[in-house]
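Fold and contact review
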Amino acid sequence: MKISVIGCGYLGAVHAASMAELGHEVIGIDVDPARIESLQQGIAPFHEPGFDALLKKNASRLTFITDMSAAAGASVHFVAVGTPQAADGSADMTYVNGAIEGLLPYLAEGDLVVGKSTVPVGTAERLSELVTPTGAILMWNPEFLREGFAVEDTLSPDRLVYGVPEGTDGDTATAALDQVYAEILAKDTPRLVMNFATAELVKVAANSFLATKISFINAMAEIADVTGANVTQLADAIGYDTRIGRRFLNAGIGFGGGCLPKDIRGFVARAEELGVGEALSFLKDVDDINLRRRARVVDVLAEELGDLSGKTIAVWGISFKPDSDDIRDSPALDIAETLARSGAKVVSADPEGWKPAQARVERAGLSASLTTTSDHRAATTGADALVIATEWNVFQNEDATAIGELMAQKLVVDGRNCLDADAWKAAGFRYRGMGRA
Ligand code: UDX
């Protein structure tokens, strides 16, 4: 099939290459010429394991272009543009609205428009009124991919969710998307068909649940810190109950990235608009608990070092999670910036995130007190303290004795509870975890 993908960020670019992998002829469209140029050359504009290889392997079926008119002639159009957080916490719909309006002149009778972006409930209903007069059908097919596993999650998802209009249009849309995903469905992937509102809610409900799970265990970490309990052992013990499950119960400096923080805030804003804000008031606590984790690291450092002004602090980790260069709402970078603002000299190291962080640090006017590097050992030389802020394998596998020899003081604050505490203590470190003293 001939497919267009509007929006070539993490979601759209991976989706475009994955659709080509399924054998379709794909046109990826984005307004950013540099991004398109890079993708057209087969070079991933961001770090995502397996994505470069997928682009190269499917180059003959992939075209990337800035011109929306290239969507004409495709029978299925995926809309995968971003919905960033607006100043009031709600989802900024500028790009989704712009993509649909831009696409309308190129739609033909019988085309399928498939929304993938995370949107406030009610959006698909509104947009279908714009799309239907062209003879095309709109449906919503939310995406659940995790960064770092984007290719795997797109080609082998846990489930497919189709939000469809009522009546025969819904059946037609379902049949058409089944054709696009035939290879995925052949692997017995569950496929759930539902109305627009349910499909839109599935996405934000899933992310809200995940955020709540992380904040729940981080709330337990707060209690553990004042009682001498160990939150990792607590998570292991409750996680054996299959109703609870161990995944997403890692306490630490909390969640960040381009999805969970903005999605829970957007969901709260939408519920308030709908007059049911109370139903989601707990998500404000989830957000507050999460942001307190970042402050906790700074407090622990102050407990250990006193006034942080003039102290040298190495921070391992800049990206919001390992195997990613994404620094959007990264707890690691946020902590480094707070430390720099409090007068410390901070060196942040990350295998990938150090590059995008440089420009942001400059914009924030913090270049004098916060430097970024890919060399975590160099970052640690002469430091009074080491903070582990992103759990890259290369950090977890470090030799505590060798690191201790580089430092002015052997103090480690394990913001991701990912180190072997006993090994670091044996190497002479004062070890401080999150909820596991
Ligand atoms: C998330 C959802 O997982 C995905 O389904 C959705 O499509 C997009 O949002 P992603 O943003 O890639 O994916 O990151 P995720 O792996 O969910 O991690 C989010 C944040 O939570 C990271 O900062 C991570 O460090 C943190 N986290 C995760 C914890 O602090 N503890 C955990 O136990 C798990």
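This text follows the structure it describes.
Below is a short write-up of the structure. (Residues numbered from 1 in each chain as written. Predicted model: local features only at pLDDT ≥ 70, side-chain atom pairs only at ≥ 80, totals over all residues. Heavy atoms only, no water.)

Quick notes on the overall build of the protein
Note the threshold: Counting from the N terminus, the helices are DSSP H or I runs at least four residues long and the strands are E runs at least two residues long. As a reference, a globule follows 2.2 Å times the number of residues to the power 0.38, and the radius of gyration itself is taken over C-alpha atoms. Working definition: with a 1.4 Å probe on protein chains only, accessible area under 20% of the residue-type maximum means buried, over 50% means exposed, and in between means partly exposed. Between two residues, a contact is recorded if the distance between any of their heavy atoms is within 4.5 Å. His is not counted here, nor are the chain ends, while Lys and Arg score as positive and Asp and Glu score as negative. To locate a charge, the coordinates of NZ of Lys, CZ of Arg, CG of Asp or CD of Glu are taken.
Helix and strand counts for the protein come out as 18 helices and 14 strands. Scaling as 2.2 N^0.38, a compact globule of 437 residues should have a C-alpha radius of gyration of about 22 Å, and the protein matches this with 23 Å. Projected onto the principal axes, the alpha-carbon positions of the protein cover approximately 70 × 45 × 40 Å. Counting across all 437 residues of the protein, residues that qualify as buried make up 55%. Sequence-distant contacts in the protein: of pairs separated by 6 or more residues, those separated by 24 or more amount to 72%. Within the protein, one finds 39 positive and 60 negative side-chain charges whose respective centroids are separated by 5 Å.

Quick look at the pattern of salt bridges
For side chains of opposite charge, pairing can occur when their charged atoms come near one another. Here is the rule we go by: The rule for a salt bridge is simple: a side-chain nitrogen of Lys or Arg has to be within 4 Å of a carboxyl oxygen of Asp or Glu.
In the structure shown here, the tally under the stated rule is 27 salt bridges. Its salt-bridge partner being Asp 287, residue Arg 265 comes within 2.8 Å of it at the nearest N-O pair. Taken together, the positions of Arg 265 in helix 11 (residues 260–273) and Asp 287 in helix 12 (residues 281–305) put the pair 22 residues apart, joining distant regions of the chain. In this structure, the salt-bridge partner of Asp 329 is Arg 265, at a minimum N-O distance of 3.8 Å. Separated by 64 residues along the polypeptide, Asp 329 in the loop between strand 9 (312–316) and helix 13 (331–341) and Arg 265 in helix 11 bring together distant segments of the chain. A single salt-bridge network, built from bridges that share partners, covers Asp 225, Arg 296, Glu 303, Glu 304, Arg 430 and Arg 432.

Some remarks on the packing of helix 9 (residues 196–227) against helix 12
Stated formally: To define axes, lines are fitted to C-alpha atoms, for helices over the stretch in contact only, and angles between the resulting N-to-C directions are given on a 0 to 180 degree scale. Roughly parallel here means an angle under 35 degrees, roughly antiparallel means over 145, roughly perpendicular means 65 to 115, and every remaining angle is called oblique. Crossings are classed by handedness, with left-handed meaning an anticlockwise turn of the near helix from the far one by less than a right angle and right-handed meaning a clockwise turn. Three categories are distinguished: nonpolar for Ala, Val, Leu, Ile, Met, Phe, Trp, Tyr, Cys and Pro, charged for Asp, Glu, Lys and Arg, and polar for the others, with Gly belonging to the last.
Closest axis-to-axis distance for the helix 9/helix 12 pair is 9 Å, and the angle between their directions is 50°. Of the possible angle classes, the one that applies to helix 9 and helix 12 is oblique. The chirality of how helix 9 crosses helix 12 is left-handed. Residues Ser 208, Ala 211, Thr 212, Ser 215, Asn 218, Ala 219, Ala 221, Glu 222 and Asp 225 of helix 9 form the contact with helix 12, whose participating residues are Phe 282, Leu 283, Val 286, Ile 289, Asn 290, Arg 292, Arg 293 and Arg 296. Residue composition of the contact of helix 9 with helix 12, grouped by class: seven nonpolar, five polar and five charged.

A closer look at the site of the ligand
Heads up, the condition is: Any residue with at least one heavy atom within 4 Å of a molecule or strand is counted as near it. Here a polar contact means two N or O atoms within 3.5 Å. Within protein one must be a hydrogen donor candidate and the other an acceptor candidate, and residues neighboring in sequence count only if both atoms are side-chain atoms. Calculation of accessible area relied on Shrake-Rupley with a 1.4 Å probe; when residues are assessed, cover is drawn exclusively from the protein chains displayed.
The environment of the ligand is formed by 20 residues, the closest being Phe 144, Leu 145, Glu 147, Asn 250 and Lys 321. With respect to the ligand, the backbone of Leu 249 contributes an N or O atom lying 3.4 Å from an oxygen atom. In the model, an oxygen atom of the ligand is placed 3.2 Å from a nitrogen or oxygen of the Arg 416 side chain. Notes on the ligand: free accessible area 680 Å², of which the protein chains cover 92%. Element by element, the count of residues in the shell around the ligand is highest for helix 9, at four residues. Classifying every residue of the shell around the ligand gives 10 nonpolar, four polar and six charged.

Shape is all these values report; function is a separate question.
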